[in-house]
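This is what each chain is made of:
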Amino acid sequence: MSGALHDAIPILDLQDVASGDPERERRAALAIERGLGRYGLVYVNNHGIDPAALDAFYEEFLALTTLPDAEKRRWARADLWFQRGYTPPNTEKAVVAGGQPDFKECWFAAPIEVDPVAAELYPEIHPPNVWPDDRPRFRTLYEAIGLALHEAGLALLRACADALALPRETFASVTRGAPHITRALKYLPLDAQQCEQGVLWGEEHTDFNLLTLLPGGWFLDRDGHRCARPDDRSGLFLRTRGAEGHPGGALVPGTAPPGCIVAQVGQQLEILTGGRLLATPHVITAPKTPGYARTSMAHFVHVHTDTRLFPLPPFQTREAMMAYRPPVLAGTYDIKTLVDIGLAPPEALSKLGYRHYDRLASVRAGEPQETA
Ligand SMILES: [Fe+2]
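Residues numbered from 1 in each chain as written. Predicted model: local features only at pLDDT ≥ 70, side-chain atom pairs only at ≥ 80, totals over all residues.

Draft legend 1. Just the overall build of the chain, in detail. Scanning the chain from N- to C-terminus turns up eleven helices and 16 strands. In terms of C-alpha radius of gyration, the chain reaches 21 Å, essentially the compact-globule figure of 21 Å for 372 residues. Each of the three principal axes of the chain carries a C-alpha extent, and together these read 75 × 55 × 40 Å. Split into buried and exposed, the 372 residues of the chain put 42% on the buried side. Counted over contacts in the chain with a minimum sequence separation of 6, partners at least 24 positions apart contribute 76%. (Helix = DSSP H or I, 4+ residues; strand = E, 2+ residues; numbered from the N terminus. Rg over C-alpha atoms; globule rule 2.2 N^0.38 Å. Buried ≥ 20, exposed ≤ 12 C-beta atoms within 10 Å, placed from the backbone. Contact = placed C-beta atoms within 7 Å.)

Next up, the structure:
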């Protein structure tokens, strides 16, 4: 893990984006080019996230996680593929994981209005939010932070378009009404044996959405109190692109400089740019000492389910087209990925083909047919 590399990650001032000042806009595009293009991540300041609200939210969320398991499971919605409400530990799995159990519990909520038509076509990924009745502050803070993170994400996408010499709204315009989602996470304390085995809190993976925003989290000591990072190997690490000297990339701590948040590239942005921006692998490492927990938050900006996931025309080299074929709809891709990571049942894939084969048998049997 390289401190020098950590220092080389640029900081993007969000107020430079679309500021109308060519020099500042160029600076923002350069930060994207160097940050997301070279390293896969960028630090962002002037992002509009209120740190006091974030702290207050973590207090609320942690209080909720202390409820008895049975109570929390009232909000666990397997029927919604866990896309809203509570996700119990050991539910999700990373796609390229070694199959270890999942040591986190989470909450999912959408801070942005979804497209009502898409919500009918893909009900499980655009359901109404699930909220605890008696925790209005949890909901208010959740929605406010989710919305602020989303706004920051849209600004970053405009800077991405600038950096790639595309019309500024190229990416932001395909996010309207999409299944954006904000997640609150708590990584659970490990015991001595699990620490010894090097069990990870979250195995290395890439996110399947367009762009992920990470406002930073807290470590918790054995008594559940906020504490400093227990050791310099624990927490979120992001893998940079391979380069000379470290062909496998290097793991950079996801801890942003003071006042900044982290943004990273998801698979959808990689596909649309034909790999000019690569989805950022990341891992959440548990402390070497047992008993610590961690809470954090992430906002996932998605493209609308109608978006065709394939390199955009400026990136359609033969190599890119071959790498990302066949083109698929984002909604289809979402379903497939949610099955892959264990949140949707495998039967969900049967929705992706023709489902009326039985009609022919019925016609041949001379049964009366319903007219449309
Ligand atoms: Fe992730």
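Draft legend 2. Expanded view of the sheet that holds strand S11 (residues 251–253). Strand order in this open sheet of four strands is S6-S13-S10-S11, and the pairing throughout is antiparallel. Of all strands in the sheet, those bounded by a partner on one side alone are strand S6 (202–205) and S11. Within this sheet the neighbouring strands show an average axis-to-axis angle of 25 degrees, counted without direction. The sheet contact formed by strand S10 (residues 235–239) and S11 spans three bridges and is antiparallel. Pairing of Leu 238 across the sheet is with Val 252, part of S11. (Pairing = 2+ DSSP bridges. Axes fitted to C-alpha atoms, helices over the stretch in contact; angles between N-to-C directions.)

Draft legend 3. Structural context of the nonpolar core. Formed by 92 residues in total, the largest nonpolar core has its most connected members in Ile 32, Val 42, Val 44, Ala 159 and Cys 160. If one sorts the elements of this core by residue count, helix H6 (residues 136–163) sits on top with 14 residues. Those residues within four positions of Val 42 in sequence are excluded, and the remaining contacts are Ile 9, Pro 10, Leu 12, Ala 31, Ile 32, Gly 35, Leu 36 and Ala 263. (Core = buried A, V, L, I, M, F, W, Y, C linked by C-beta atoms within 7 Å.)

Draft legend 4. Structural context of the environment of Ala 243. By the secondary structure assignment, Ala 243 is in the loop between S10 and S11. For the pair formed by Ala 243 and Glu 370, sequence separation is 127 residues and the distance between their alpha carbons is 62 Å.

Draft legend 5. Broad picture of the environment of Asp 340. Among the secondary structure elements, Asp 340 is positioned in helix H10 (residues 330–340). Once the C-alpha coordinates of Asp 340 and Glu 92 are considered, the two residues, 248 residues apart in sequence, prove to be 9.3 Å apart.

Draft legend 6. Highlighting the UniProt feature "domain: Isopenicillin N synthase-like Fe(2+) 2OG dioxygenase" (unreviewed entry) in the chain. Cross-referencing UniProt, the feature "domain: Isopenicillin N synthase-like Fe(2+) 2OG dioxygenase" (unreviewed entry) maps to residues 251–302 in the present numbering. Within residues 251–302, the helical portion is 12% and the strand portion 40%, while the C-alpha atoms at the span's ends are 25 Å from each other. (UniProt positions renumbered as here; feature names shortened; annotations may be inferred.)

Draft legend 7. Expanded view of unusual backbone geometry. Residue Pro 326 is reached from Arg 325 by a cis peptide bond, and omega for that bond is -10 degrees. Along the chain, Pro 326 falls in the loop between helix H9 (318–324) and strand S16 (328–329). Even without being a glycine, Phe 82 presents a positive backbone phi close to 60 degrees. Following the sequence through the fold, Phe 82 ends up in the loop between helix H4 (69–72) and strand S3 (85–87). Taking the number of C-beta atoms within 10 Å as the measure of exposure, Phe 82 has 23 and is therefore buried. Despite not being glycine, Asn 90 shows a phi value in the positive range, around 65 degrees. With respect to the helices, strands and loops of the structure, Asn 90 is situated in the loop between S3 and strand S4 (104–109).

Draft legend 8. Structural context of the environment of Asp 13. Within the secondary structure layout, Asp 13 lies in strand S1 (residues 11–13). By C-beta crowding, Asp 13 is classed as partly exposed, having 16 other C-beta atoms within 10 Å. Between the C-alpha atom of Asp 13 and that of Val 44, which follows or precedes it by 31 residues, the distance is 5.9 Å. Filtering out sequence-adjacent residues up to four positions away, Asp 13 remains in contact with Asn 45 and Asn 46.

Draft legend 9. Spotlight on the packing of helix H3 (residues 51–65) against H6. At a minimum axis separation of 9 Å, H3 and H6 run at an interaxial angle of 135 degrees. Taken as axis vectors, H3 and H6 run oblique relative to one another. Of the two possible hands of crossing, H3 and H6 adopt the one that is left-handed. Residue-level contacts link Ala 53, Leu 54, Ala 56, Phe 57, Glu 60, Phe 61 and Leu 64 of H3 to Arg 137, Phe 138, Leu 141, Tyr 142, Ala 144 and Ile 145 of H6. Partitioned by chemical class, the residues of the contact of H3 with H6 number eleven nonpolar, no polar and two charged. (Parallel < 35°, antiparallel > 145°, perpendicular 65-115°, else oblique. Left-handed = near helix turned anticlockwise from the far one by under 90°. Nonpolar A, V, L, I, M, F, W, Y, C, P; charged D, E, K, R; others polar.)

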